[in-house]
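What follows is each chain in one-letter form.
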Amino acid sequence: MPVLHLTRRRALQTGLVTTAAAGLAATAPAPALASPPGRPGSGELVDLGIAMESVNVRLTGSGPDGAGGTSLYALSDGTPVTFSVISPETGKRLFSWSLPDESLAYGAGVYGIEGGAYFTARSGSATALHFYDHAEQSVTHITTSGSGQPIANAVIRNVIPDGDTLYFCCYPRSEVYALDLSSGEVREFGPASDNGGEYAWGFTKIGGALYVGTGIGTGQLVAIDTETGQRTEIELDDPPASIAALGTAGPLLLVPLPGRTGVYDTTSGTWHENLPGMDQVASAFASGGDPALSYFRVEEEFWAFDADSLEATPLGFAEHGVSTSSLRALEAFPVDDHDVIACFRQDGEVIVFDPSADEVSVHDVAVDSAPVIAHSIGLGPDRNVWVGAYLSAGVIATVDSHSREITQLEGPEQGDAIAAVGPYLMVSKYPNGVVYRYDAREPWEWDSNPDTLATLISPHLQDRIFEMTDAGGLLAAASIPEYGHLGGALSLIDPDTGEYDVYRDVVADQGVSTVVHRDGIIYAGTTIYGGMSTVPTTTDGHLVEFDLDSREVTSTIVPVPGDETVSTLCFEPEASTLVGVTYESNLFTYDITTHEVTSVIELGITPTGATWGRSPTLRYRKHDRSFYGVGGQTFFRVSATGEVTVLDEEHAWKSLTITARGEIYLIDDNRVHIYDVG
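Starting from 1, residues in each chain are numbered consecutively following that chain's sequence as written. Only residues with pLDDT of at least 70 are given local features in this predicted model, and only at 80 or more are side-chain atom pairs given and counted; all residues enter the totals for whole chains, interfaces and linings. Calculation of side-chain values draws on the structure's entire complement of heavy atoms; hydrogens and water are dropped beforehand.

**Q** Any chance you could break down the overall build of the protein chain for me, citing the residues and the numbers?
**A** The secondary structure content of the protein chain amounts to 0 helices and 61 strands. C-alpha atoms define the radius of gyration in this analysis, and the globule rule sets the expected value at 2.2 Å times the number of residues to the power 0.38. The C-alpha radius of gyration of the protein chain comes to 27 Å, within 12% of the 26 Å expected for a compact globule of 678 residues. Based on the C-alpha atoms only, the size of the protein chain along its principal axes is roughly 80 × 55 × 45 Å. For the protein chain, the residues scored as buried account for 57% of the 678 residues in total. Contact between two residues is taken to exist if any of their heavy atoms lie within 4.5 Å; hydrogens are not considered. Long-range pairs, those at least 24 residues apart, make up 47% of the contacts in the protein chain with a sequence separation of at least 6. Total accessible area computed for the protein chain in this model is approximately 26,200 Å², and 46% of it derives from carbon and sulfur atoms. Each helix corresponds to a stretch of at least 4 residues labelled H or I by DSSP, and each strand to a stretch of at least 2 residues labelled E; elements are numbered beginning at the N terminus. For every residue, the accessible area obtained with a 1.4 Å probe (protein chains only) is divided by the maximum for its type, and the residue is called buried under 20%, exposed over 50%, and partly exposed between those limits. To measure how exposed things are, a 1.4 Å probe is used in the Shrake-Rupley method; for residues, cover is taken only from the protein chains shown.

If you want it as structure tokens, here you go:
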């Protein structure tokens, strides 16, 4: 079946429409998607404002300020990322700076040195490294990684400052580098992992060797000689899926392992066994003024490991009853003759613990807030619009469909998908494939209404729920597995009881990216991709029919050969035609009575973002019998005759939804818009 290269129209801000050929100069006649609509107007975009705003501290650091004191550093994610310098004694903000590039919306790390700090912020394709000078109260850009740069990796995960040299570990390919600050020369050490692990997580230096913890799948512990570049793997009897952090105490390396924290002697090349206090898994490490001590946290308590006595002892923080909820990394620094421990909460609050004085101080938030990254949009049972956040401090927004007023609420850190089933609003959360249930008949009270309806990570390994829909009173959820695994799932969840069934591998080794329902049949689109750090075993995304009565797959077809992901599906209300769009921006029509693809339309939109199914999005608007969609950050319309019109490509569009009254709500990076069709 040929791919049709259709006329592509571009709607200008003036409301005039120009025509340009997409693909072939001569276009084939487009198949009718429905009966001819009324002529749509040119439309107008209305900006309703910022969707959500909050402090979102995810990465922190500390270091001597060069004047005899210590500074705490915090990176707060948002658009833009903000870098803040905080006094541990008073909690006051000493300096704040917003990154000028709002595409770098995620902090990547902070690394204090005498008189300042290096810090990084990233997008999905690049990481920028800056230096903060305490004496000058200034920020200087050092370098940016990414395609075409000396450090080609998209993400610099960790940095080790060492005099005039900075060492980096990066994603993807777990590659390690050294940057000579005086000459600008970059030295490549190559990948730390040799088993396919894309991530380099834990990163530290002892003497002349770098130590790298990798994952996901099977974690590896690797030493790299900084002089020769030689890579040596340190054998692990029971390797974890990943080694997320590494600590140091003198020549000893502290390694989180299953059920314990391992202690490796880098001098002798041997492991210490059965050490007091190390029969538990540390979640974070910090070093203060005494290099023989390493501090770490386990649940509610802070511990100190002593390289001389070879034992870990609790410091008594838990006795103060201060919650460790949402604490970020540990920071330790010398005060007089002892070390003090500090932690930021994700909301910017600072906890300072002096073990010698047995005192805890809690400082109010002094970090600037910023607009939160908008991630998902959908309709609730109250007919209002809901917007989920991406890697936030725990927020969600609702838009009153009558007044168009935006209200921010406490919510999940990342709202991946939104759907309504009966009186319930369903919101999925990454990680762990969590589904929250909000009873719209009662007030919103986070942690009680909504409550947790289902968690699909264990034993089903489902991590990211990309789309949900009402399937005859059940919630149907399409999901991608966790890191290191292939095989997504179609899950069916009872919204009243929380009972659920998970159907993995509806297509072997493929994730499920989109789902719709009609007359007892669930139609699911799949992607060849699984969790991060996996290699696909298949080549084409599928369209699957799943019978709710038999709970079996009754039909499977490749709608567009060669396209890897079926990203979105939707119906016209009365027609037998199912319409879908692949990640590669090919729109197809599928007859649900004959189970055949009837046409393929090339949208002419360049794909952007992850290939596994969050974009494009397509929705049907019955009022003008047209389809509206977002793909490649472009807002477009497909008419009933198959004519594709670009309505706006000046925003970084994420997704859209359409209300019963035909109002089209869209989200870009951080704002909510409405498109008045006119």
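**Q** I'd like a description of the pattern of salt bridges, backed by residues and values.
**A** Any carboxyl oxygen of Asp or Glu within 4 Å of a side-chain nitrogen of Lys or Arg constitutes a salt bridge here. Evaluation of the coordinates by the stated rule reveals 17 salt bridges. Glu 175 serves as the salt-bridge partner of Arg 173, at 3.3 Å between the closest nitrogen and oxygen. Judged by its relative accessible area of 38%, Arg 173 is partly exposed. For Glu 175, a relative accessible area of 14% corresponds to the buried category. The partner of Arg 441 in a salt bridge is Asp 439, with the nearest N and O atoms 2.9 Å apart. Through salt bridges with shared partners, a single network forms among Arg 404, Arg 661, Glu 663 and Asp 676.

**Q** For empty space enclosed by the protein, give the residues involved together with the corresponding values.
**A** Throughout, the protein atoms alone are placed on a 1 Å grid, and a set of points is a cavity if a 1.4 Å probe fits but cannot get out or a pocket if it is open with protein on both sides within 12 Å along at least five of seven lines; lining residues have an atom within 4 Å of a point. Grid points are joined across faces, edges and corners, and a volume is the space filled by probe spheres set on the points. Throughout the structure, instances matching the rule amount to 1 cavity of 30 Å³ or more. In this structure, the largest cavity encloses a volume near 50 Å³. Lining the largest cavity, in full, are Ser 54, Asn 56, Asp 77, Gly 78, Tyr 106, Val 372, Ile 373, Tyr 390, Leu 391, Ser 392 and Ala 393.

**Q** Kindly report on the side chain of Ser 145, identifying the contributing residues and their values.
**A** Along the chain, Ser 145 falls in strand β13 (residues 138–146). Classification of Ser 145 as buried rests on a relative accessible area of 2%. Polar contacts here mean pairs of N or O atoms no more than 3.5 Å apart (in protein, one a potential hydrogen donor and the other a potential acceptor; neighbouring residues in sequence count only if both atoms are side-chain atoms). Only 2.8 Å separates the side chain of Ser 145 from the backbone oxygen of Asn 153, close enough to count as a polar contact. Sequence-distant contacts of Ser 145, defined by excluding residues within four places in its chain, comprise Ser 125, Ala 126, Thr 127, Ile 151, Asn 153, Ala 154, Val 155 and Ile 156.

**Q** Tell me about the packing of aromatic side chains, and name the residues and values.
**A** A pair of Phe, Tyr and Trp rings is counted when the ring centres sit within 6.5 Å of each other, with Trp represented by its six-membered ring. The angle between the planes then sorts it: under 30 degrees is stacked, over 60 is edge-to-face, the rest tilted. Overall, the coordinates contain 30 aromatic pairs when judged by the stated rule. Measuring from centroid to centroid gives 5.8 Å for Tyr 73 and Phe 83, while their planes differ by 15°, and the two rings are stacked. You can see Tyr 73 sitting in strand β7 (residues 70–76) and its partner Phe 83 sitting in strand β8 (residues 82–86), a full 10 residues away along the chain. Site record: aromatic cluster; members linked through ring pairs are Tyr 73, Phe 83, Phe 95, Trp 97, Phe 119 and Tyr 132.

**Q** Give me the sheet that holds strand β27 (residues 293–298): which residues, what numbers.
**A** Pairs of strands are assigned from DSSP output, requiring at least two bridges between the strands. Spatial ordering of the open sheet is given by β26-β27-β28-β29, a layout of 4 strands whose pairing is antiparallel. Strand pairing shows two members of the sheet lacking a second neighbour, β26 (285–286) and β29 (311–314), which therefore form its edges. Direction of pairing for β27 relative to strand β28 (residues 301–306): antiparallel, over a ladder of 6 bridges. In the sheet register, Val 298 faces β28, and the bridge partner there is Glu 301.

**Q** Summarise the sheet that holds strand β36 (residues 385–389); cite the residues concerned and give the values.
**A** Strand order in the open sheet made by the 4 strands is β35-β36-β37-β38, with antiparallel pairing throughout. This sheet does not close on itself; its edge strands, each paired only once, are β35 (374–379) and β38 (406–410). Sheet twist, expressed as the average angle between the axes of neighbouring strands with direction ignored, equals 25°. Of the strand pairs in this sheet, strand β37 (residues 395–399) and β38 are connected by 5 bridges, and their pairing is antiparallel. Bridging from a neighbouring strand, Thr 398 pairs with Thr 407 of β38. Only the contacting stretch of a helix is used when fitting its axis, a line to C-alpha atoms as for every element, and angles between N-to-C directions run 0 to 180 degrees.

**Q** An account of the environment of Thr 204 is needed here, citing residue identities and associated values.
**A** Its location among the elements puts Thr 204 in strand β18 (residues 199–206). Residue classification places Thr 204 among the buried residues on the basis of a relative accessible area of 13%. Placed 49 residues apart in sequence, Thr 204 and Leu 253 show a C-alpha to C-alpha distance of 8.8 Å. When sequence neighbours within four positions are dropped, the list of residues in contact with Thr 204 reads Ile 160, Ala 209, Leu 210, Tyr 211, Leu 246, Thr 248 and Leu 253.

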